[in-house]
Amino acid sequence: MAAKRKKSDDESIEAVDLITLLTPSSAAGCYEAEIQRPVPGEEFDLLKIAANLPDVPEPVSLRSASSAGSTHKPGATVHQLPTPEQKTPRQSEQEIESLLTGMRKPGRPQRISPLPDIADDSLERIADEIGQCQKCDLCKTRNKTVPGAGPGSVKLVFIGEAPGGDEDATGIPFVGRAGQHLDKILAAAGFKREEIFICNILKCRPPENRDPTLPEMISCTPYLQRQLRLLKPSLIACLGNVAVKFVIGPDSPGITRIHGQWFNSIFDIPTMAMYHPSFLLRSATRDKGSPNWQMWQDIQSLKQRYDSL
Ligand code: URA
């Protein structure tokens, strides 16, 4: 998986975020309007909702976000990772090899190699180690590391791809525009941010928000593995094509095909593939079949499974 260039902070596209655009300051967001709908799961018409809302702010400009992939292989769930095409100087070859070996066992579910036990491991200790980490070159350009946020034991972990500019500045995942959009979606579905853990595969921001490289993801993954080992979630929600392709497999169909579906990821935890909130921000429509509409179906289905645990 080569490092594809994308989404620089400076390079912005003009897009209309209807949630922001049509939401009065008194309302937290149009997804919240969903909560009051009598029939959950029904298509929602944002324009109809918006027609009743006063106080329209100016349109905002948004960064571009990665789009969705396309190849579909029915029934394919978990696949092997390719050999890294690029290796950063500080990367431990052995570490990469041992991870890949764990994923390459033929005829078995693809899983990441288990990590050795670490006595007294804790989320705080992992965060401290991430803070000192120099395993890849992202340490040279980061401002803050972004280990993840949430309680020490959860039923559900959301995994994104990598911190962006706002996260790099604050050390907190999903606090920028995409994060705020995610917050609205979570709240509308009835999730409380305090009951879930939110993190990324990469704990440092890639320069100019380019896609993470495979070697970067592989060298960072042991932190995520340790976090998951402590958190013991029953479910994972994986946000966006890059993260999905890593935790489910690079040959998996693109996110437009597999969003809302469950997979057994490399972490051996049931994982739902979901759209990335920054991708959703690019789409102004909430019409039936649109990405935001689809996300609304997916998050409700996630919540249903979460509630059944
Ligand atoms: N996008 C991500 O994937 N993660 C963040 O934390 C912020 C934006």
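Just so you know, these numbers come straight off a predicted model, no measurement behind them.

Draft legend 1. Looking closely at the sheet that holds strand β3 (residues 156-160). Read across the open sheet, the 5 strands follow the order β4-β3-β5-β7-β6; overall the sheet is mixed. Either end of the sheet is taken by a strand with one partner, and the two such strands are β4 (197-200) and β6 (262-264). Recorded for the sheet is a direction-independent mean angle of 30° between the axes of neighbouring strands. Taken together, the 3 bridges between β6 and strand β7 (residues 270-274) define a ladder with antiparallel strand orientation. Its bridge partner lying in β7, Asn264 is registered against Pro270. Sheet strands touched by helix α9 (residues 214-231): β3, β4 and β5 (235-239). Its angle to β4, the strand with the most contacts, is close to 165°.

Draft legend 2. View of the environment of Pro212. The topology assignment puts Pro212 in the loop between β4 and α9. Measuring from C-alpha to C-alpha, the distance between Pro212 and Ala162 comes to 7.2 Å, with 50 residues separating the pair along the chain. Residues contacting Pro212, with those up to four places away along its chain left out, are Glu161, Ala162, Leu202, Met217 and Val242.

Draft legend 3. Structural detail: the environment of Val175. With respect to the secondary-structure elements, Val175 resides in the loop between α7 (165-170) and α8 (177-189). Taking the C-alpha atoms as reference, Val175 lies 9.4 Å from Pro163; in sequence the two are 12 residues apart. Apart from the residues lying within four places of it in its own chain, the contact partners of Val175 are Asp166, Glu167, Thr170 and Gln180.

Draft legend 4. Representation of empty space enclosed by the protein within the structure. Throughout the structure, instances matching the rule amount to 2 cavities of 30 Å³ or more. Along the walls of the largest cavity sit Ile130, Cys133, Lys135, Cys136, Leu138, Cys139, Arg142, Lys203, Cys204, Ser219, Cys220 and Tyr223, which together make up its complete lining. Of all elements in the fold, only α6 (138-141) and α9 reach the threshold of two or more residues within the lining of the largest cavity. Of the residues assigned to the lining of the largest cavity, the class counts are 8 nonpolar, 1 polar and 3 charged.

Draft legend 5. Looking closely at α8. Here α8 spans 19 Å end to end across 13 residues, near enough to the 18 Å set by a 1.5 Å rise per residue. For α8, every residue scored as buried is listed here: Ala178, Gly179, His181, Leu182, Lys184, Ile185, Leu186, Ala188 and Ala189. Trailing α8 by a residue or two, Gly190 shows a phi angle of about 95°, which is positive.

Draft legend 6. Structural context of the site of the ligand. Looking at the ligand, the residues that line it are Gly160, Glu161, Ala162, Pro163, Glu167, Pro173, Phe174, Asn200 and His276. In the model, a nitrogen atom of the ligand is placed 2.7 Å from a nitrogen or oxygen of the Asn200 side chain. Here an oxygen atom of the ligand sits 2.8 Å away from a polar atom, N or O, in the side chain of His276. Isolated, the ligand exposes 240 Å² of accessible area, and the fraction of that covered by the protein chains is 95%.

Draft legend 7. Main features of the packing of aromatic side chains. Inspection of the entire model under this criterion finds 3 aromatic pairs. A ring pair is formed by Phe191 and Tyr306, whose centres lie 5.1 Å apart and whose planes are at 75°; its orientation type is edge-to-face. In this pair, Phe191 is assigned in the loop between α8 and β4 and Tyr306 in helix α13 (residues 291-307), connecting sequence segments 115 residues apart. Among the aromatic residues, ring-to-ring pairing joins Phe158, Phe191 and Tyr306 into one connected group. Directly above the aromatic system of Phe191 lies the positively charged group of Lys303, at a separation of 5.7 Å from the ring centroid.

Draft legend 8. Main features of the pattern of salt bridges. Scanning the model with the defined rule gives 9 salt bridges in all. The salt bridge partner of Arg210 is Glu216, with a shortest N-O separation of 2.5 Å. With a shortest N-O distance of 2.9 Å, Asp307 and Lys303 are connected by a salt bridge. Separated by 4 residues within a single helix, Asp307 and Lys303 lie in helix α13, roughly one turn from each other. On the accessibility criterion, Lys303 (15% relative accessible area) is buried. Taken together, the shared-partner salt bridges connect Asp121, Arg125, Glu129 and Arg226 into one network.

Draft legend 9. Examining the environment of Cys139 more closely. With respect to the helices and strands, the residue Cys139 is situated in helix α6. The spatial distance from the C-alpha of Cys139 to the C-alpha of Arg205 is 8.8 Å, given a sequence separation of 66 residues. Filtering out sequence-adjacent residues up to four positions away, Cys139 remains in contact with Cys133 and Gln134.

Draft legend 10. Summary view of the pairing of β5. Within β5, 5 of the 5 residues are buried, which leaves it mostly tucked inside the rest of the structure. The pairing of β3 with β5 spans 4 bridges and is classified as parallel. Directly across from Leu156, in β5, lies its bridge partner Leu235. Taken together, the 4 bridges between β5 and β7 define a ladder with parallel strand orientation. Its bridge partner lying in β7, Cys238 is registered against Ala273.

Reading the values: rules and limits
Residues numbered from 1 in each chain as written. Predicted model: local features only at pLDDT ≥ 70, side-chain atom pairs only at ≥ 80, totals over all residues. Heavy atoms only, no water. Pairing = 2+ DSSP bridges. Helix = DSSP H or I, 4+ residues; strand = E, 2+ residues; numbered from the N terminus. Axes fitted to C-alpha atoms, helices over the stretch in contact; angles between N-to-C directions. Contact = heavy atoms within 4.5 Å. 1 Å grid on protein atoms, 1.4 Å probe; cavity = no way out; pocket = protein on both sides within 12 Å on 5 of 7 lines; lining within 4 Å. Points joined across faces, edges and corners; volume = space filled by probe spheres on them. Nonpolar A, V, L, I, M, F, W, Y, C, P; charged D, E, K, R; others polar. Expected span 1.5 Å × (residues − 1). Buried < 20%, exposed > 50% of the residue type's maximum accessible area, 1.4 Å probe, protein only. Near = heavy atom within 4 Å. Polar contact = N/O pair within 3.5 Å; in protein donor to acceptor, adjacent residues only side chain to side chain. Areas by Shrake-Rupley, 256 points an atom, 1.4 Å probe, with all protein chains shown as cover. Phe/Tyr/Trp six-rings, centres within 6.5 Å; stacked < 30°, edge-to-face > 60°. Lys NZ or Arg CZ within 6 Å of the ring centre and 35° of its normal. Salt bridge = Lys/Arg side-chain N within 4 Å of Asp/Glu carboxyl O.

In short, the description is geometric, and any link to function would need to be established separately.
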